[in-house]
Amino acid sequence: MTDATTITVTGDARYDITVGRGILASLAEALPPAARKVLVIHPPTLAEQAERLRSLLTADREVLLAEIPDAEAGKRIEVAAFCWQVMGKADFTRTDAVIGFGGGAVTDLAGFVAATWLRGVEVVQVPTTVLGMVDAAVGGKTGVNTAEGKNLVGAFWAPRAVICDLDLLETLSRNERVAGFAEVVKAGFIWAPEILELVEADPENAVDPHSDAFRRAVELAIDMKARVVGEDLREAGLREILNYGHTLGHAIEHAERYRWRHGAAISVGMVFAAELSRLAGRLPDAAAQRHRDVLESLGLPTGYRPGAWPQLLATMQRDKKSRGGMLRFIVLDDIAKPTVLQAPDESLLFAAYQEVAG
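Owing to the predicted nature of the structure, the values given are computational and were not obtained by experimental measurement.

1. A closer look at the overall build of the chain
When you go through the chain residue by residue, the secondary structure sums to 14 helices and 11 strands. Taken over C-alpha atoms, the radius of gyration comes to 20 Å for the chain, in line with the 21 Å a tight globule of 358 residues would show. Structurally, the chain occupies a C-alpha span of about 60 × 40 × 35 Å along its principal axes. Taking all 358 residues of the chain together, the buried fraction comes to 58%.

So this is what it looks like as C-alpha cells:
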C-alpha cells in the first residue's frame, strides 16, 4: 500500500478508514479471517470492476456478486430481500461478510443487509463516489427508503473497515464529483473551515480528484465524521450536527422522487439552514452569504421552487430528525459553531424558505 492515510473511528465500534490511491489490494486483509463466503453488492455501472474485485478475493473464499439498481432505486426493501435471498441460497453464516462496492446508496443498502442477516454479519465498505467516501460509508448508519421518506427504516451497524481508493473517482463526471463535494463543504461549515478556504482559493482545483487540495479536503471531511461518530455512534448528541442542511435537503429529495442528487438537495438545505440561523439572530450576515458564495462557486444549486413549501414542511414533520412532532434544525452561531434550534415558529421557517425560493 502506497501513500495511504489511516483515520480511525474510536469508541465501542472501532475501525479504520484508509484513504489513498491504488489501495484496493488491501481489501482481502480487511475481511474477517474466518469469512469463507463474501457477497459483493454493486450497481450495474460497476459490474466489470466488481468482477475484478472478485478476482482479488477468490484465493480461499467463495465470492458472490449481487447487482442492484443504481442510486436511490437500489435502496428499497425489495432489493434488500433479493440480497438476503442470495445469502440464504449460499448458506451464509455469521462468520461470512458483505462488501458494499458503490456510491452512498449502495453502501447504505449493503450495511443494512449485513446488519439484518442473522442479526448481523461483518461489512467492509468500498465507496466509489465522493459522497460515499466522506459520508455514507463512514459512521454505521444504514437504511432503505420508503414511500413516506428517506432512510426511515434502518439500523446502526458499524463497518469492519472502509477503503477509500481515490483512483475509483477518476471516471466520475464533474457533476457527480461536485454533488458529492457538497458533503465535504458541509464539514467545512460545521467543523473544518480549512475546507472552505481550499474552495475559495480555487474551486476547480478543490474538486479535481488528482489535486492535493481535493485529497486534503476529503481527508478533513472524513476525519471530522470519524471524530463525531466515534463519540456518538447512535446520534444521542454530537452526531446530530451532521444533519446540517439535511432536514430540508431530504424533503427536497422526496419531493423530487430522488431525481435530484443528494448533494444538490443538501446544498439548498445548507443555504436554508444558514438563512434560518441568520433570521434567528444567530449567524452573521457575512457567514450566511459565504454559504451561497462557496456553493455557487462549485456550481451547486442554492434555490428551490417557491410554491413547494407546504409539501416540504409536511415531509420535514415526518422526518426521523423530528422528536415528538417538534422539528429540530442544526443551525450555526458562526462558522464551525453548530447548535440545535428546536421547534422554531413556522413563520420563521417560512421566512427562511423565502430566501431560497426562486
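2. Let's talk about the pattern of salt bridges
Going through the model one piece at a time under the given rule, you end up with 22 salt bridges. As a salt-bridge pair, Glu194 and Arg216 come within 3.0 Å of each other at their nearest N and O atoms. With a gap of 22 residues between them, Glu194 in helix α7 (residues 194-201) and Arg216 in helix α9 (residues 212-231) connect regions that are remote in the sequence. Its relative accessible area of 38% is what places Arg216 among the partly exposed residues. Shared partners join several salt bridges into a network, and the residues in it are Glu275, Arg278, Arg292 and Glu355.

3. Thoughts on helix α13 (residues 309-318)
Where α13 is concerned, the buried positions are Trp309, Leu312, Leu313, Thr315 and Met316. Summarising the axial view, the buried residues of α13 lie within an arc of 165°, below the 170-degree limit, and thus occupy one face. Tucked inside the fold, the buried residues of α13 contact α10 (246-255), α11 (262-279), β10 (328-334) and α14 (346-354).

4. Details of the nonpolar core
Counting residues in each nonpolar core, the largest one holds 80 residues, and the members touching the most others are Ile17, Phe181, Phe272 and Leu312. The element contributing the most residues to this core is α9, with 10 residues. Beyond its immediate sequence surroundings of up to four residues, Phe272 is in contact with Leu248, Trp309, Phe329, Leu349, Ala352, Tyr353 and Val356. Ala66, Cys83, Met87 and Val123 belong to the second largest nonpolar core, which has 23 residues in total.

5. Observations regarding the packing of aromatic side chains
Each aromatic ring pair is described using two quantities: the centre-to-centre distance and the angle formed by the ring planes. Evaluation of the coordinates by the stated rule reveals 6 aromatic pairs. Three or more aromatic residues joined by ring pairs make a cluster, and in this case those are Phe272, Trp309, Phe329 and Tyr353.

6. Considerations on the sheet that holds strand β5 (residues 97-102)
Strand order in the open sheet formed by 7 strands is β1-β2-β9-β6-β5-β3-β4, and the pairing between neighbours is mixed. The strands lining the two open edges of the sheet, one partner per strand, are β1 (5-9) and β4 (62-67). If you compare each strand with its neighbour and ignore which way they point, the axes differ by 20° on average. With 2 bridges joining them, strand β6 (residues 122-127) and strand β9 (residues 161-165) adopt parallel strand pairing. Paired with Gln125 across the strands is Val162, a residue of β9. Contacts from helix α2 (residues 47-57) reach β3 (37-42), β4 and β5, with the element oriented near 165° to β4. In the packing of α9 onto the sheet, contacts are made with β1, β2 (15-20) and β9, and the angle to β1 comes to roughly 20°.

7. Observations concerning unusual backbone geometry
The backbone of Ala71 sits at a positive phi, close to 55°, despite the residue not being glycine. Among the secondary structure elements, Ala71 is positioned in the loop between β4 and α3 (77-89). Residue Ala71 is classed as partly exposed on the basis of its relative accessible area of 46%. Phi at Ala336 is positive, roughly 70°, even though this residue is not glycine.

8. Some details on the pairing of β10
Most of β10 sits inside the fold, with 5 of its 7 residues counted as buried. Here 6 bridges tie β10 to strand β11 (residues 337-342), and the two strands are oriented antiparallel to one another. Residue Arg328 lies in a different strand from β11, and its bridge partner there is Gln342. Hairpin connection, β10 to β11: the antiparallel pair is bridged by 2 residues, and Ala336 has positive phi, about 70°.

9. Some points on the side chain of Lys186
Structurally, Lys186 can be placed in helix α6 (residues 174-190). Ignoring anything within four residues of it in the chain, the contact list for Lys186 reads Asp135, Leu242, Tyr244, His246 and Met270.

10. Quick look at the environment of Leu341
When you line up the elements, Leu341 lands in strand β11. Considering only alpha carbons, one finds Leu341 and His246, 95 residues apart in sequence, at a separation of 14 Å. For Leu341, the contacting residues outside a window of four places in its chain are Leu276, Arg282, Leu327, Arg328, Phe329 and Val331.

The rules behind the values
Residues numbered from 1 in each chain as written. Predicted model: local features only at pLDDT ≥ 70, side-chain atom pairs only at ≥ 80, totals over all residues. Heavy atoms only, no water. Helix = DSSP H or I, 4+ residues; strand = E, 2+ residues; numbered from the N terminus. Rg over C-alpha atoms; globule rule 2.2 N^0.38 Å. Buried < 20%, exposed > 50% of the residue type's maximum accessible area, 1.4 Å probe, protein only. Salt bridge = Lys/Arg side-chain N within 4 Å of Asp/Glu carboxyl O. Arc of directions from axis to C-beta. Contact = heavy atoms within 4.5 Å. Core = buried A, V, L, I, M, F, W, Y, C linked by side-chain atoms within 4.5 Å. Phe/Tyr/Trp six-rings, centres within 6.5 Å; stacked < 30°, edge-to-face > 60°. Pairing = 2+ DSSP bridges. Axes fitted to C-alpha atoms, helices over the stretch in contact; angles between N-to-C directions.

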